[in-house]
Amino acid sequence: MKLGRLNHIGVATPSIADSIVFYRDVMGATTICEPFDMPDQGVKVCFVDTPGDGGTNGTQIELIEPLPGNASIAGFLERNPQGGQHHMCYEVPDIHAAKAEFEAMGKRVLGEPRIGAHGTPIFFVHPRDMGGVLTEIMETPKGDH
Ligand SMILES: CC[C@H](C(=O)O)C(=O)SCCNC(=O)CCNC(=O)[C@H](O)C(C)(C)COP(=O)(O)OP(=O)(O)OC[C@H]1O[C@@H](n2cnc3c(N)ncnc32)[C@H](O)[C@@H]1OP(=O)(O)O
Ligand SMILES: [Co+2]
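What this report covers is the structure whose coordinates are included nearby. Note that the structure is predicted; figures quoted are calculated from it, not measured. (Residues numbered from 1 in each chain as written. Chains lettered and ligands numbered in written order. Predicted model: local features only at pLDDT ≥ 70, side-chain atom pairs only at ≥ 80, totals over all residues. Heavy atoms only, no water.)

Some thoughts on the coordination of the cobalt ion (ligand 2)
Ideal coordination angles are 109.5 degrees for a metal with four donors arranged tetrahedrally and 90 or 180 degrees for a metal with six donors arranged octahedrally. Our working definition: Distances decide who is a donor: an N, O or S atom must be within 2.8 Å of the metal, or within 3.2 Å for Na, K and Ca. Water is not included, so sites may look incomplete. Between 85 and 135 degrees for all angles marks four donors as tetrahedral; over 155 degrees for opposite donors together with 65 to 115 for all other angles marks four donors as square planar and six as octahedral; every other arrangement is irregular. Helix and strand labels come from DSSP, where a helix needs a run of H or I of at least four residues and a strand needs a run of E of at least two; each type is numbered from the N terminus. Buried residues are those whose accessible area, probed at 1.4 Å on protein chains only, stays under 20% of the maximum for their type, while exposed residues exceed 50% and partly exposed ones sit between those limits.
At the metal site, the cobalt ion (ligand 2) is ligated by His-8 (NE2), Glu-62 (OE), His-87 (NE2) and Glu-136 (OE), and these contacts range over 2.1 to 2.3 Å. Around the cobalt ion (ligand 2) sit six donor atoms; with metal-centred angles ranging over 79 to 173°, the donor geometry is octahedral. For the cobalt ion (ligand 2), the donor residues sit on a single chain with the sequence spacing H-x53-E-x24-H-x48-E. Remark: Glu-136 occurs in strand 8 (residues 135–139) and His-8 occurs in strand 1 (residues 6–12); sequence separation between them is 128 residues. On the accessibility criterion, His-8 (1% relative accessible area) is buried. With relative accessibility at 3%, the residue Glu-136 sits in the buried group.

See below:
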């Protein structure tokens, strides 16, 4: 595996609206996208940009709030009612090659690649196989290579 760009840090929250106020007023975030629902993934999503070197090439905080009926984040929020750091997402050039590599290393890939919040294929690797970190792997958007 070749470590790729940290695309985002997933942060689960019981309320994206409250988290937006926090990232704007406490953290001074200036670029916060309009929240949007991803019903097939059972989440409401909102990206908060973080500046990188010279204000560009930063990463993002991906705020995720469970939509009614979502089990996975609801379970996390039962254990962590205030929310918290949920997953880390790294980019790869080829999602299928990456999936085969993780499986060859005996890591539990959770489900088949599906379209994530950036519109490219993603999959997750079980936290128990990743040092306790739920890890999302995302194919780099075309043109971003
Ligand atoms: C819209 C897509 C968007 C994007 O970026 O494109 C997203 O990122 S959506 C993010 C939400 N979707 C997912 O997280 C899908 C993958 N997650 C899962 O399949 C589950 O959350 C799973 C299997 C990781 C955990 O399932 P569950 O919450 O039901 O808890 P379990 O009791 O089964 O947990 C087993 C074990 O793992 C520990 N755990 C659970 N969640 C996390 C976490 N976020 N980070 C670290 N560890 C986690 C949990 O404590 C259990 O530990 P154990 O010691 O075995 O008790
Ligand atoms: Co994510």
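Side note on the layout of surface pockets
The following threshold applies: Put simply, the grid is 1 Å and covers the protein atoms alone, a cavity is a trapped set of points that fit a 1.4 Å probe, a pocket is an open set with protein on both sides within 12 Å along at least five of seven lines, and lining residues have an atom within 4 Å of a point. Grid points are joined across faces, edges and corners, and a volume is the space filled by probe spheres set on the points. Each residue is assigned to one of three groups, with Ala, Val, Leu, Ile, Met, Phe, Trp, Tyr, Cys and Pro labelled nonpolar, Asp, Glu, Lys and Arg labelled charged, and all others, Gly among them, labelled polar.
The volume enclosed by the largest pocket comes to roughly 600 Å³. As for the largest pocket, its lining consists of 26 residues, of which Ser-72, His-86, His-87, Phe-124 and Leu-134 are closest to the centre. Of all the elements in the fold, those that place two or more residues in the lining of the largest pocket are strand 3 (43–49), strand 4 (60–66), helix 2 (72–79), strand 5 (84–92), strand 6 (109–115) and strand 7 (121–125). Examining the composition of the lining of the largest pocket, we find that four residues originate from one element, helix 2, more than from any other. By residue class, the composition of the lining of the largest pocket is 13 nonpolar, eight polar and five charged. Taken together, Tyr-23, Met-27, Gly-28, Ala-29, Thr-30, Thr-31, Val-48, Asp-49, Thr-50, Pro-51 and Ile-61 form the lining of the second largest pocket. A breakdown of the residues in the lining of the second largest pocket according to their chemical character gives six nonpolar, four polar and one charged.

Some points on the pairing of strand 4
As a reminder of what qualifies: When DSSP locates at least two bridges between a pair of strands, those strands are taken to pair.
The buried count for strand 4 comes to six of seven residues, which makes it a mostly enclosed element. Where strand 1 lies against strand 4, five bridges are found, and the strand directions are parallel. Along strand 4, the bridge assignment pairs Ala-12 with Ile-64.

Re the environment of Phe-102
This is how it is decided: Working rule for contacts: check all heavy atoms of both residues, and any pair within 4.5 Å makes them a contact.
With respect to the element layout, Phe-102 can be found in helix 3 (residues 95–104). C-alpha of Phe-102 to C-alpha of Met-1: the two residues are 101 residues apart in sequence and 7.9 Å apart in space. Residues within four places of Phe-102 in sequence aside, it is in contact with Met-1, Lys-107, Val-109, Phe-123, Val-125, Met-130 and Ile-137.

Examining empty space enclosed by the protein
One water molecule sets the probe size; rolling that probe over the atoms shows where empty space is left. Tallied over the entire structure, the rule returns one cavity of 30 Å³ or more. The computed volume of the largest cavity comes to approximately 30 Å³. As for the largest cavity, its lining consists of His-8, Glu-62, Gly-116, Ala-117, His-118, Gly-119, Thr-120, Ile-122, Glu-136 and Met-138.

Let's talk about the pattern of salt bridges
How we decide: The rule for a salt bridge is simple: a side-chain nitrogen of Lys or Arg has to be within 4 Å of a carboxyl oxygen of Asp or Glu.
Tallied over the full model, the rule gives seven salt bridges. A salt bridge links Asp-37 to Lys-44; the shortest N-O distance between them is 2.9 Å. With a relative accessible area of 24%, Lys-44 lands in the partly exposed category. Here Arg-108 and Asp-129 are joined by a salt bridge, their closest N and O atoms 2.9 Å apart. Here Asp-129 lies in the loop between strand 7 and strand 8 and Arg-108 lies in the loop between helix 3 and strand 6, a separation of 21 residues in the sequence.

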